[in-house]
Amino acid sequence: MSEPATEAPAQAKAPAQAKVPAESESKTLSNKELKELKKKEKAAKRAAQKEAAGISPEQQEQMAQQKMEKKKQLATNTNLKKQLSQAVVKDQDMKIPALFSHLETREQRNASSPTVSHIVHPSILTLSLHFANHKIVGSTARLRSMLEVFKTVIQDYKTPENTTLTRHLTGHLSHQIEYLKSSRPLSMSMGNAIRWLKQEISLISIDTPEKEAKEILSGRIDDFIREKLELSDQLIVENASQHISNGSTVLTFGHSEVLLKLFQYCALEQDKSFNLVIVDSRPLFEGKRLLTELVATTVPDSSSRTETDADSESSSIIARRSAPQPPITKQKIKVNYVLINLLLSTIFEDVDCVFLGAHAMLSNGHLYSRVGTAMVAMMAHRRNIPVLTCCESIKFSDRVQLDSVTTNELADPEDLVKDSSRKQPPQQGSLALEQFLKEVELAEREKKTKAGKKEKEPAKDILLTDKSPLADWKSLPSLNLLNIMYDLTPPSYINKVVTELGSLPPLSVPVILREYKSG
């Protein structure tokens, strides 16, 4: 009875021992090798299915290469964003305050440019240089130049094989846009225009020929510029001109294309004579550009508009037309130019209204414009002077912002030190700044004396030297220069926002956004 009991467990152990070599063989392969085997089996099955469908192995390789190229193109934008977020400032001497350390510097933006420079159109390269050197300044000017360059890019674009223009052109434009961002961040109007253009590209039918599709897109870009910029400015100028009367005094800050058209329209078309105070600030001095363009605008002679068929009078008419005409700054507009640091309360005594340009209007009614705009609006508001903002609907954004710290643009701090437009150094410096630098130097000298270090040469008095007090600002750990481009004006300082849809309070921005999106 005991022998069969001993044989049963021996027979049960036999199959377990037979399974051991199979398990040991599977353990010899790693997990990676098993995954590779599975991938190869799946690839072989797919290849067999494609061969059964009539697709040759060469065609399969071409299709695989095209898929890899598409994946690389789609991954380029995400890689650029990662590079921008992980980029390290190359200039170790640059000092950024901790409050503004989250903003991108020029070095961080330029870190992404070499990776896509081989697929960037030459016109985009030229435009990005103009943006970086501030040769093209202003939201409207940058938007117009970007759309004109996009027309050139679309005309030179060629759709690759086995793809369509509707799907591939959007990615091609994304590379150009990423390179533009490396020079300067895009404005609100540029972002709105880019979204509109990509939507227009997606609406084109796949069956449309490439040449016809390019003509359609170029025509729509021209219509966009005419409707959203030119015609909008005309309506804004007609609405805003009602607030300027003969003999009134108008104050403005910096430069704005729509405000330039407004002043020209009031002087030439409506024959109004008024005073204009242009407030300007460093380092761009955009108010000088506004003054230069007003001086270049001439008053047409009434005699030059008469037409006659007599040959004897034709020569005299040509002579009148060739004669130089006086600018409007002599006959129609009396201009006063002041800097923002010299803006005193006496200047506001005779001001009737203040006109401001806009970089963007946010959804909570705040005005996002060139730095210094908020101070001008605040001083006018304290004296009960109406403040009007002229802004196109393309500049409206659904973003909400409560300060100018969360989102802004950092420019080069050396622009505040080096002023190329000024031929001579200033005759009078800032006494407060010089006194601060002197106290810092004295404190450092006391630390050295307490440590037992003797100076070989006595320090020179900063107040008695001709050298600029900011020449060696990087060597002072207690001094940081911050050159931000924009500030935020609360809606309580703005009386009206003049748009092509009419004059509305700043808190009605969401209404205009609904009209813009529905249109």
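Residues numbered from 1 in each chain as written. Predicted model: local features only at pLDDT ≥ 70, side-chain atom pairs only at ≥ 80, totals over all residues. Heavy atoms only, no water.

A. Region of the structure containing the overall build of the chain. The number of helices and strands found in the chain is 18 helices and ten strands. Among the 519 residues that make up the chain, the fraction classed as buried is 39%. Taking all contacts inside the chain whose residues are at least 6 apart in sequence as the whole, residues at least 24 apart take part in 82%. Total accessible area on the chain is roughly 30,600 Å²; 53% of this is exposed by carbon and sulfur atoms. (Helix = DSSP H or I, 4+ residues; strand = E, 2+ residues; numbered from the N terminus. Buried < 20%, exposed > 50% of the residue type's maximum accessible area, 1.4 Å probe, protein only. Contact = heavy atoms within 4.5 Å. Areas by Shrake-Rupley, 256 points an atom, 1.4 Å probe, with all protein chains shown as cover.)

B. Representation of the packing of helix α10 (residues 210–240) against helix α11 (residues 257–269) in the model. The interhelical angle for the contact between α10 and α11, taken along N-to-C directions, is 55°, at an axis separation of 9 Å. Compared by their axis directions, α10 and α11 come out oblique. Viewed along their axes, α10 and α11 form a crossing whose handedness is right-handed. Seen from α10, the contacting residues are Asp 233, Ile 236, Val 237, Glu 238 and Ala 240; seen from α11, they are Val 258, Lys 261, Leu 262 and Tyr 265. (Axes fitted to C-alpha atoms, helices over the stretch in contact; angles between N-to-C directions. Parallel < 35°, antiparallel > 145°, perpendicular 65-115°, else oblique. Left-handed = near helix turned anticlockwise from the far one by under 90°.)

C. Molecular detail of empty space enclosed by the protein. According to the stated counting rule, one finds two cavities of 30 Å³ or more in the structure shown. Considering the residues around the largest cavity, the lining is formed by 23 residues, among which Gly 138, His 255, Ser 256, Glu 286 and Ala 358 are closest to the centre. Per-element accounting of the lining of the largest cavity gives the leading share, three residues, to helix α7 (residues 139–155). In terms of residue class, the lining of the largest cavity is made up of seven nonpolar, ten polar and six charged. The residues that make up the lining of the largest cavity include at least three from each of domain 1 (79–89 + 98–232) and domain 2 (244–300 + 326–410 + 485–518). For the second largest cavity, the calculated volume is near 40 Å³. Split by residue class, the lining of the second largest cavity holds three nonpolar, two polar and four charged. (1 Å grid on protein atoms, 1.4 Å probe; cavity = no way out; pocket = protein on both sides within 12 Å on 5 of 7 lines; lining within 4 Å. Points joined across faces, edges and corners; volume = space filled by probe spheres on them. Nonpolar A, V, L, I, M, F, W, Y, C, P; charged D, E, K, R; others polar. Domains from an automatic or database assignment.)

D. Molecular detail of the environment of Ser 281. Turning to its location among the elements, Ser 281 is positioned in the loop between β2 (274–280) and α12 (286–296). Note: C-alpha distance between Ser 281 and Leu 342 (61 residues apart in sequence) is 9.9 Å. If we ignore the near neighbours within four places in the chain, the residues touching Ser 281 are Phe 253, Ile 340 and Val 371.

E. The arrangement of helix α15 (residues 373–382) in detail. Inspection of α15 places Thr 373, Ala 374, Val 376, Ala 377, Met 379 and Ala 380 among the buried residues, and these make up the whole buried set. Those residues of α15 that are buried are in contact with β1 (249–253), β2, β4 (353–356), β6 (367–370), β7 (387–390) and β8 (486–489). Once α15 ends, the next one or two residues include Asn 384, with phi positive near 60°.

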